[in-house]
Structures are given as structure tokens and as C-alpha cells.
Amino acid sequence: MKNLKSVSVQVIDSDIALLLPNGVYEIKQMEPKSSRLRRIGIFCVALALFGIVGFGYFCPDKVCALSNKEASISLEDNFGKSLSQASSKVGLSYEDMLNDDFFDMDSHDVMVFLHMQKTGGTSFGKHLVHDLDLKRPCTCPLTRKRCYCFRPHSNQSWLFSRYTTGWKCGLHADWTELTSCVDEKLDELEGNVVKRRYFYITLLREPVARYLSEFRHVQRGATWKGSRHFCRGRPATDEEIPPCYDGPDWGGVALDEFINCESNLAVNRQTRMLADLELVGCYDRNYMSKADRDRTMLISAKKNLESMAFFGLTEYQKMSQYIFEETFNLRFAVPFEQNNATVSSSTMTTLTAEQATKIEALNSLDIELYKYAKELLFKRFDRLRARDSDFDKRYSHLGELTARSGVTEFDWDRLVEDVTVSQ
């Protein structure tokens with residue numbers, strides 16, 4: 001045999017042989033399985049701990065505990081800015097309408113009125129069903145506590161409000177309730193499933209005046225017990241919103257007692273009713289810290305307000321009327337009245353300095369929201385005025401139209417205020 005290569009094999013107490021570069025085989029001892037598994041286990045535990053620490057560091061303040069829907073929304077640090085990149089459930093926005101996406105009463109467009117307590121919504125709701133100049137005016141039979149506001153060519157309602165459909169989504173339903181309820185309720189009412197476009201509208205009021213007005217209303221016996229406070233498929237529990245009083249109502253309540261009830265929903269009512277409450281765990285106050293809850297609700301309320309097709313301010317009736325008419329291309333047959341002498345204004349003069357300070361602190365979110373709403377309203381007004389070549393004449397003659405026909409008179413005094421009606 002020729003060219004046989006001499007091979008030297010060195011055997012060590014081992015299980016695995018390795019071929020070394022010089023052609024010598026070295027047999028290495030295999031590490032025991034238990035030792036390898038132990039090292040792998042230690043590595044995995046260390047990796048998991050590092051991941052948890054890193055996750056907590058880069059994702060603080062329960063942001064990462066949000067649901068998939070919530071996690072897609074990033075919160076801006078600066079109040080007044082919207083929740084960025086969030087898909088809105090509001091429907092057609094004010095900007096959509098300015099870009100020639102008009103309200104079409106002949107199609108499947110629906111105006112949805114979000115009516116917050118003591119903001120002037122009762123008067124505005126009456127204007128909607130009684131004072132709009134329409135091809136087919138609303139009819140309000142005296143035998144019924146609501147009106148029929150049908151489209152020109154069908155018996156489908158173009159308006160979802162207390163005086164047309166009733167409180168179908170609950171008494172004074174908020175943004176969270178309405179956006180999850182309206183479509184289903186209209187399908188039930190009309191007996192078929194239709195793809196609709198929704199145009200949300202609302203009114204806001206100066207927060208301290210609104211709070212005092214609610215106090216006086218509750219003092220006279222109002223309860224709004226029909227409110228469901230529905231969120232994520234269920235109503236709020238008594239543990240989440242503890243009652244402020246025993247008995248049928250809170251009639252005769254003193255202002256200090258009204259102020260001191262921690263679960264009083266009059267506090268920051270406008271912010272809460274305009275916010276997406278699913279973002280803050282609905283009425284579960286243990287879902288996140290109070291600071292995070294307040295911040296998230298305020299940003300959400302601003303975003304939803306900005307996205308609405310229309311909002312008005314109680315203190316600016318004429319300006320609100322003009323913005324509504326120009327946005328929807330509809331005309332009211334009467335001018336809105338500005339009533340500054342209200343029950344709340346007389347109550348305000350009796351406040352002590354301590355009471356006034358505490359009411360402002362309690363309603364700080366609403367105060368910030370109203371400030372934002374006022375700035376936004378003036379911007380919208382200026383924008384509409386700039387593109388209205390006939391502005392001076394239009395604005396000085398708001399509500400002055402020729403005589404209308406086909407309107408059924410309605411005895412508003414016969415209405416039972418703030419009662420849930422299921423018909």
C-alpha cells in the first residue's frame with residue numbers, strides 16, 4: 001500500500017471525536033445533559049427578566065396595558081392637540097363638509113344631536129324640529145310627545161334626537177353611548193339595515209354656569225335616573241358611581257353638599273360626555289391613575305369635538321346659528337335668542353370665595369375644554385365669514401325668512417322633561 005497517511009488518535013475519556021487541523025483526532029467529553037439544560041434555563045430566565053424591565057421602561061404609565069384599539073392611539077403631551085392617528089367613530093366631520101361633502105337629506109344622512117344637560121340643548125332641540133325651513137317640515141302632533149322629521153321622499157328620519165326618536169340610546173346619552181348605539185337603533189326603528197352617514201352635533205356652555213344650573217335643577221328634584229352610563233357592553237354599577245343621596249331624589253340639596261359628593265357626575269360633565277370612555281376603562285377608576293384618566297379624557301373630548309360636524313356655544317347664540325346654517329346649508333326661520341340672565345347667573349352672585357374656587361378646581365377639565373371650544377368656534381366663524389361674499393347682509397338678517405307652510409304647532413309645555421320614552 002502506498003501513500004498511506006499515518007494517523008495518530010489520542011483518546012480522552014470522552015464521547016465526541018473532533019478532527020483537528022493536523023489530522024489528529026481528539027475526542028472531547030460531552031457535557032452532561034442536566035448541566036446544558038440548566039444553563040439554557042438560566043439564559044431564558046435572564047432574557048425574560050430583561051424583556052420585562054425593558055418593556056416597563058419603554059412603555060410606562062399603563063399605555064401598553066391598553067387594548068388593541070387603545071394602543072393604536074398615541075397621546076400628545078400638549079393639551080389642545082388631538083389624539084393622533086386615531087380612527088374616529090364620529091362620522092362626517094366639519095372639515096369633510098367644508099370640502100363639499102354636504103348633508104344630503106334625500107339620501108341616508110342622519111344628524112345626531114348629543115344633548116348634554118343644562119347647555120341649552122332643549123331650546124336648540126326645539127329649533128331643529130320646529131324652526132328649520134325644510135322641503136318637508138317636521139310635524140309634531142299634540143297627541144305625541146315627539147315629532148316626525150322625515151326625508152322629503154321617504155318616511156325615514158334624518159334627525160336622531162330627543163324630540164324625534166326619543167332617548168333610544170339612554171337618557172342624555174354621551175359620545176360613548178351614541179356612537180355604539182345609533183346605527184342599531186335606527187335599523188330597529190326603520191326595519192332594515194342601511195349604510196348611513198352620521199353628522200354629530202352638540203352644544204357646550206361655560207362650565208361654572210352650567211354646573212350651577214345643574215345644581216339648581218337637581219335641587220328642584222331632577223335626577224336623570226334613566227341615564228344608563230353604558231360602556232363596553234354594560235351600564236356602570238353603583239360601586240363605580242356611588243349615589244350621592246338616599247331616597248327618590250336629591251331635592252333641597254345644599255350647594256356645599258352638592259360640591260362635596262365625590263361621585264357627582266355634574267363635575268366635568270362636558271368632558272366626560274364628549275370623551276371616548278373606553279380609553280379610560282369606562283367608569284372603573286382603578287383602571288389608571290386619576291392624572292392619566294383626566295389627561296386622556298380631555299384630549300379625547302377635544303378630538304371628538306373638533307371632529308364633529310357642528311358644535312355651538314350657549315353664550316354665542318348668533319354665531320352658533322350662522323355656523324350651523326352655513327355648514328349644513330339649512331336656514332332657521334327664527335333668530336336664536338341670547339339669554340344671559342339665567343338661574344345660574346343669579347346663583348353665581350351668592351357664592352363665597354371658597355365655593356367659587358372649589359367649583360372651578362372641580363371643573364378644571366371642562367374649563368380647559370370650553371377654552372379650546374371657544375377658540376375653535378371663532379376660527380370656524382372667521383373661516384366661513386371670509387368665504388361668504390354676502391356675509392354682512394346674511395348675518396344681520398339671521399332667522400328672517402318668508403312665511404312657511406305645513407308646520408304643525410306644538411305645545412312644548414305639555415312635554416315631560418328629561419323622562420326616558422321608549423316609543
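All of these numbers come straight from a predicted model, not from anything done at the bench.

Trainee: Explain the state of the cysteines here, please?
Mentor: Applying the stated criterion across every chain, the model contains five disulfides. Disulfide pairing places C169 opposite C181 at an S-S distance of 2.0 Å. Residues C169 and C181 share a disulfide whose torsion about the S-S bond is about -95 degrees; that sign makes it left-handed. Taken as a pair, C169 in the loop between strand 5 (159–160) and helix 5 (175–190) and C181 in helix 5 lie far apart in primary sequence, twelve residues in all. A relative accessible area of 2% places C169 in the buried class. You can call C181 buried: its relative accessible area is 6%.

Trainee: Any chance you could explain the packing of helix 6 (residues 207–219) against helix 12 (residues 353–362) here in plain terms?
Mentor: Angle between the axes and distance between the axes are the two parameters that describe a pair of packed helices. Contact pair helix 6 / helix 12: the axes reach a minimum separation of 10 Å and the direction vectors enclose 105 degrees. On the basis of their axis angle, the class for helix 6 and helix 12 is roughly perpendicular. Judged by residue contacts, V208, Y211 and L212 of helix 6 engage I359, E360 and L362 from helix 12. Across the contact of helix 6 with helix 12, the residue classes tally to five nonpolar, no polar and one charged.

Trainee: Help me understand the sheet that holds strand 9 (residues 310–313) in this model?
Mentor: Whether parallel or antiparallel, the strands of a sheet pair through hydrogen bonds between backbone atoms. If you trace the four strands from one edge of the open sheet to the other, you get 5-4-6-9, paired in parallel fashion. Both outer strands of the open sheet, strand 5 and strand 9, are each paired with one neighbouring strand and no more. As paired elements, strand 4 (residues 109–114) and strand 5 share two bridges and run parallel to each other. Bridge assignment links V112 to a residue of strand 5, and that residue is F160. Each of strand 4, strand 5, strand 6 (197–204) and strand 9 touches helix 4 (residues 121–130); the most contacted strand, strand 4, lies at about 160 degrees to it.

Trainee: Hey, could you run me through the environment of L255 in this one?
Mentor: Here L255 lies in helix 7 (residues 255–260). In this structure the C-alpha to C-alpha distance between L255 and L351, which are 96 residues apart in sequence, comes to 9.2 Å. Look past the residues within four positions of L255 in its chain and what remains in contact with it is L212, F215, L351 and Q355.

Calculation rules
- Residues numbered from 1 in each chain as written.
- Predicted model: local features only at pLDDT ≥ 70, side-chain atom pairs only at ≥ 80, totals over all residues.
- Heavy atoms only, no water.
- Disulfide = S-S within 2.5 Å.
- Helix = DSSP H or I, 4+ residues; strand = E, 2+ residues; numbered from the N terminus.
- Buried < 20%, exposed > 50% of the residue type's maximum accessible area, 1.4 Å probe, protein only.
- Axes fitted to C-alpha atoms, helices over the stretch in contact; angles between N-to-C directions.
- Parallel < 35°, antiparallel > 145°, perpendicular 65-115°, else oblique.
- Contact = heavy atoms within 4.5 Å.
- Nonpolar A, V, L, I, M, F, W, Y, C, P; charged D, E, K, R; others polar.
- Pairing = 2+ DSSP bridges.

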